[in-house]
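The lines below spell out each chain.
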Amino acid sequence: MSKSEILFNHATTIIPGGVNSPVRAFKAVGGIPPFIQSAQGAWLIDVDHRRYIDYIGSWGPMIVGHAHPTVVAAVQEAMGRGASYGAPTEAEVHLAEKIIHMVPSIEMVRLVNSGTEATMSAVRLARAVTGRDSLLMFEGCYHGHGDAFLAKAGSGLATFGVPSSPGVPQATVAQTLTLPYNDLVAVQDLFNRHTAGIAAVIVEPVAGNMGCIPPEPGFLAGLAEVCRQHGTLLIFDEVMTGFRVAQGGAQELYGITPDLTTLGKIIGGGLPVGAYGGRKDLMQQIAPSGPVYQAGTLSGNPLATAAGLATLEIIAQPGFYETLDWRCQRLCDGVDQLLTDAAIAHTSTRVGSMFGLFFTDKQRLKNYDDAKTCDVDRFRRWFHGMLREGVFLAPSQFEAGFISMAHDDATIDATIEAASRVIKTL
Ligand SMILES: *Cc1c(COP(=O)(O)O)cnc(C)c1O
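Caption draft 1: Here's a closer look at the sheet that holds strand β8 (residues 176-179). Read across the open sheet, the seven strands follow the order β4-β12-β11-β10-β9-β5-β8; overall the sheet is mixed. Because the sheet does not close on itself, it has two edges, and the strands there are β4 (108-112) and β8. On average, adjacent strands in this sheet sit at an angle of 20 degrees to one another, irrespective of strand direction. Strand direction decides the pairing type here: strand β5 (residues 134-138) and β8, joined by four bridges, are parallel. When the bridges of β8 are listed, M137 appears paired with T178.

Laid out in structure tokens, this is it:
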């Protein structure tokens, strides 16, 4: 038995499913997840000394590559000055300034500890300032594990959401409305029918939690317009897309100004951080400057702030995104061509350095129903084939992939070569 197997078997007896976040357990693809011992640049090394080219990047944060010397030095230096104080620090001010400078719509920002906290807090704020309770989200989008987001559409034409997980109160998700992604007409219809008013629309401006599904032209602008007409706040959940699809996130890429934005992943540089921000008049409603309560013992933590600041400094270097996008395009084009040559039905998607590969004959994927047409058995063979070749992809058809600045040409060539061997077995 491999050391990973021994660890996993033991872990399942003391940690639910053996993991601290569900998708890590390989349930969708079967098998045993490698236990990682260390990482460097584009590579992961497991406890059995196997090396993998990493396309998970901790599910998004590791955009500058693993153990980047600048980030490591910043965290080490911060740790030497103490891990946490429960009092404000200068570095938090610098990080807030950087976020405001980089993300177009953010005038004021609050740091939290995860993306989940950011989305929960942004929705609370939206409900507070609009005096309304309802929330609209889109099927297949993920906004963390807050109760309000664990909803799915009720049957028929019912507008009330129903819980998508046991333990979520019916009453909580009754206020959560869900519609298919990219369906602006359905959004307009819903707003016309919903006379009580909707507090907020929350959306992943590029969907990354049902594979990578970009917004259709006009979808985001249409949402902004509907929200404006109805006094509803538009929340861009940029936990994944922030600093990923462009320095200023999807809002910069598509030129849309949301009222509130949630961030996470990259701003922590691999440490636990989230943030939410937006218009000053809204953000000033947060305690202690306003009445909307939200707090955190470790929020603005010095180590996380140091890692975030160092990461944001690296991505602000000229040409960073051009290089990253070009490399990701080379990767996607390379694999796409091999699959086409092998006559394997697929659609590949990419926005910046975030990508998706769907084994489906649908040419254009717009929403979760489209994503669900995928051949998940073929995905399973693809995933395990690539893993055996030393390429670690996200272990589910319904997750996006990421590259980092450490994925140089040689790494990408090696990946395409591995793919050419695996595709013969699909
Ligand atoms: C990852 C993610 C979250 C949740 O962030 P956590 O830090 O895991 O709580 C929320 N929204 C989106 C779009 C995400 O990708």
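Once you've had a look at it, read on.
Caption draft 2: Expanded view of the pairing of strand β14 (residues 354-358). The element β14 is extensively covered by neighbouring structure, given that five of its five residues are classed as buried. Of the two faces of β14, the one carrying M354, G356 and F358 and the one carrying F355 and L357 are both buried. Pairing geometry for β14 and strand β16 (residues 401-402), over two bridges, is antiparallel. Bridge pairing in β16 links F355 to G401.

Caption draft 3: Up close: the site of the ligand. Residues in contact with the ligand, as listed here, are S114, G115, T116, Y142, H143, G144, E204, N209, D237, V239, M240 and K265. Measuring from an oxygen atom of the ligand, one finds a backbone N or O atom of G115 at 2.8 Å. At 2.7 Å, a side-chain N or O of D237 approaches a nitrogen atom of the ligand. A total of 380 Å² of accessible area belongs to the ligand in isolation, and the protein chains cover 83% of it. Here the residues of the shell around the ligand sort into three nonpolar, six polar and three charged.

Caption draft 4: Helix α7 (residues 219-230), seen in detail. Taking 1.5 Å of rise per residue, 12 residues should cover 16 Å, and α7 covers 17 Å from first to last C-alpha, within 8% of that figure. Residues of α7 that are buried include every one of F219, L220, G222, L223, V226 and C227, and no others. What you see down the axis of α7 is that its buried residues fit within an arc of 155 degrees, all on one side. When the buried face of α7 is taken as reference, the exposed residues oriented beyond 90 degrees from it are R228 and Q229. Once α7 finishes, G231 follows within two positions and takes phi at roughly 65 degrees, a positive value.

About the criteria used
Residues numbered from 1 in each chain as written. Predicted model: local features only at pLDDT ≥ 70, side-chain atom pairs only at ≥ 80, totals over all residues. Heavy atoms only, no water. Pairing = 2+ DSSP bridges. Helix = DSSP H or I, 4+ residues; strand = E, 2+ residues; numbered from the N terminus. Axes fitted to C-alpha atoms, helices over the stretch in contact; angles between N-to-C directions. Buried < 20%, exposed > 50% of the residue type's maximum accessible area, 1.4 Å probe, protein only. Near = heavy atom within 4 Å. Polar contact = N/O pair within 3.5 Å; in protein donor to acceptor, adjacent residues only side chain to side chain. Areas by Shrake-Rupley, 256 points an atom, 1.4 Å probe, with all protein chains shown as cover. Nonpolar A, V, L, I, M, F, W, Y, C, P; charged D, E, K, R; others polar. Expected span 1.5 Å × (residues − 1). Arc of directions from axis to C-beta.

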